[in-house]
Amino acid sequence: MAITAPRGTQDFLPEQTAEWQLLEAKIRQICSLYGFGEIRTPMFESTELFLRGIGETTDVVTKEMYTFEDRGGRSMTLRPENTASVVRAFLEHKLYGDPQVHKFYYMGPMFRHDRPQAGRYRQFTQFGVEEIGSKDPAVDAEIIAMAFQLFRELGLNDLVLHLNSVGCPKCRTVYRQKLLDFFADKRDQLCDDCNERLEKNPLRVLDCKEDGEKMMQMGVPLITDNLCDDCKEHFHKVQ
Ligand SMILES: [Zn+2]
Ligand SMILES: [Zn+2]
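Since this is a predicted model, take the numbers as computed values, not measurements.

Asker: Hey, could you go over the packing of aromatic side chains for me, with residue numbers and the actual values?
Answerer: Summed over all chains, the structure comprises 5 aromatic pairs. Consider the rings of Phe44 and Phe68, whose centres lie 6.2 Å apart with planes at 65°: the pair is edge-to-face. Residue Phe44 is found in strand β2 (residues 44-46), and its partner Phe68 is found in strand β3 (residues 66-69); the two are separated by 24 residues along the sequence. Residue class for Phe68 comes out partly exposed when judged on its relative accessible area of 36%. Centroid distance Phe182 to Phe183: 5.0 Å. Interplanar angle 80°. Geometry classified as edge-to-face. On the basis of relative accessible area, Phe183 is assigned to the buried category, the value being 1%. Lys186 extends its terminal NZ or CZ atom over the ring of Phe182, reaching a point 4.1 Å from the ring centre.

Here you go:
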């Protein structure tokens, strides 16, 4: 039998690669305009980094990581996202000693062992930015403005911006309990995944693609109505 590319991966032939290069050039141009520099981290890291960095109960960690043992018996994982690696590099190179804000962007292949479906690949390309070293709401606003400008310059015109806040550990704890109370007598209306999330990390319930609309109809409490004073102030300034 002929050997084909692994399930969930793609070849890009020169014509398609040329389109990727145009997109990448536009991204690099906007990033540099906003003062972001490119960071390149390894394609694989110690598995522990992602267990600690992403949290042990997100779907990415529980179901989708490409984890393998290397020849020295260490557990390694192909990066499923890049934030954990950027923070690792930031700490490893002791950049926190610097008073300035650090602005990174990254672009490259990430790996998730997802159920194959339209538009989802096991090796996919992700672009992202991280701005570390300031709590200023202007930083959030800057990143949102940058994303908006990028989409505009790529020719997307019917754009609508939705703003949300995920709060801080303080208000999330209160909100978490509100969610648990809200779903206490509605658990049979949610899918199995949601019931599992309610046990481990209730906020993840809101990521459910299956039950999302149903939850809005049920009148699920919103985090923006449950922010602490600091987060409310911060979110207001971002807006
Ligand atoms: Zn808060
Ligand atoms: Zn669900």
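Back to the text.
Asker: Explain the sheet that holds strand β6 (residues 123-132) residue by residue, including any values.
Answerer: The 3 strands lie next to each other as β1-β5-β6, forming an open sheet whose pairing is mixed. Of all strands in the sheet, those bounded by a partner on one side alone are β1 (37-38) and β6. By the bridge criterion, 10 bridges tie strand β5 (residues 102-111) to β6 in an arrangement that is antiparallel. Directly across from Phe111, in β6, lies its bridge partner Gln123.

Asker: Can you tell me about the coordination of the zinc ion (ligand 2), naming the residues and giving the values?
Answerer: The zinc ion (ligand 2) binds to the protein through Cys191 (SG), Cys194 (SG), Cys208 (SG) and Asp211 (OD), with metal-donor distances spanning 2.1 to 2.3 Å. Its 4 donor atoms give the zinc ion (ligand 2) angles of 98 to 116° at the centre, a pattern that matches the tetrahedral case. Considered as a linear motif, the donors of the zinc ion (ligand 2) on their single chain read C-x2-C-x13-C-x2-D. By the burial criterion, Cys208 is buried, and Asp211 matches it.

Asker: Lay out the domain arrangement of the chain with the relevant residues and their values.
Answerer: For the chain, the assigned domains are domain 1 (14-153) and domain 2 (169-238). Counting residues at the interface gives 11 residues for domain 1 and 9 residues for domain 2. Together, the buried faces of domain 1 and domain 2 total about 750 Å²; carbon and sulfur atoms form 54% of this surface. Where domain 1 touches domain 2, the interface holds 0 salt bridges.

Asker: Just give me the short version of the packing of helix α2 (residues 47-54) against helix α4 (residues 83-92), but keep the residues and values in it.
Answerer: Two elements in contact, α2 and α4, have axes separated by 9 Å at closest approach and are oriented at 105°. On the basis of the axis angle, α2 is roughly perpendicular to α4. Touching Leu49, Phe50 and Gly53 of α2 are Ala84, Ser85 and Arg88, all from α4. Looking at the contact of α2 with α4 residue by residue, the classes come out as 3 nonpolar, 2 polar and 1 charged.

Asker: I'd like a description of the side chain of Asn82, backed by residues and values.
Answerer: Looking at the secondary structure, you find Asn82 in the loop between β4 (75-78) and α4. A residue is classified by how much of its surface remains accessible, and Asn82, at 2% relative accessible area, is buried. A polar contact is formed between the side chain of Asn82 and the side chain of Thr41, at a distance of 2.9 Å. The contacts of Asn82, once residues within four sequence positions are left out, are Thr41, Tyr106, Met110 and Gln126.

Parameters and conventions
- Residues numbered from 1 in each chain as written.
- Chains lettered and ligands numbered in written order.
- Predicted model: local features only at pLDDT ≥ 70, side-chain atom pairs only at ≥ 80, totals over all residues.
- Heavy atoms only, no water.
- Phe/Tyr/Trp six-rings, centres within 6.5 Å; stacked < 30°, edge-to-face > 60°.
- Helix = DSSP H or I, 4+ residues; strand = E, 2+ residues; numbered from the N terminus.
- Buried < 20%, exposed > 50% of the residue type's maximum accessible area, 1.4 Å probe, protein only.
- Lys NZ or Arg CZ within 6 Å of the ring centre and 35° of its normal.
- Pairing = 2+ DSSP bridges.
- Donors = N, O, S within 2.8 Å, 3.2 Å for Na, K, Ca; no water.
- Tetrahedral: all angles 85-135°; square planar, octahedral: opposite > 155°, others 65-115°.
- Domains from an automatic or database assignment.
- Contact = heavy atoms within 4.5 Å.
- Buried area = accessible area lost by both parts, 1.4 Å probe.
- Salt bridge = Lys/Arg side-chain N within 4 Å of Asp/Glu carboxyl O.
- Axes fitted to C-alpha atoms, helices over the stretch in contact; angles between N-to-C directions.
- Parallel < 35°, antiparallel > 145°, perpendicular 65-115°, else oblique.
- Nonpolar A, V, L, I, M, F, W, Y, C, P; charged D, E, K, R; others polar.
- Polar contact = N/O pair within 3.5 Å; in protein donor to acceptor, adjacent residues only side chain to side chain.

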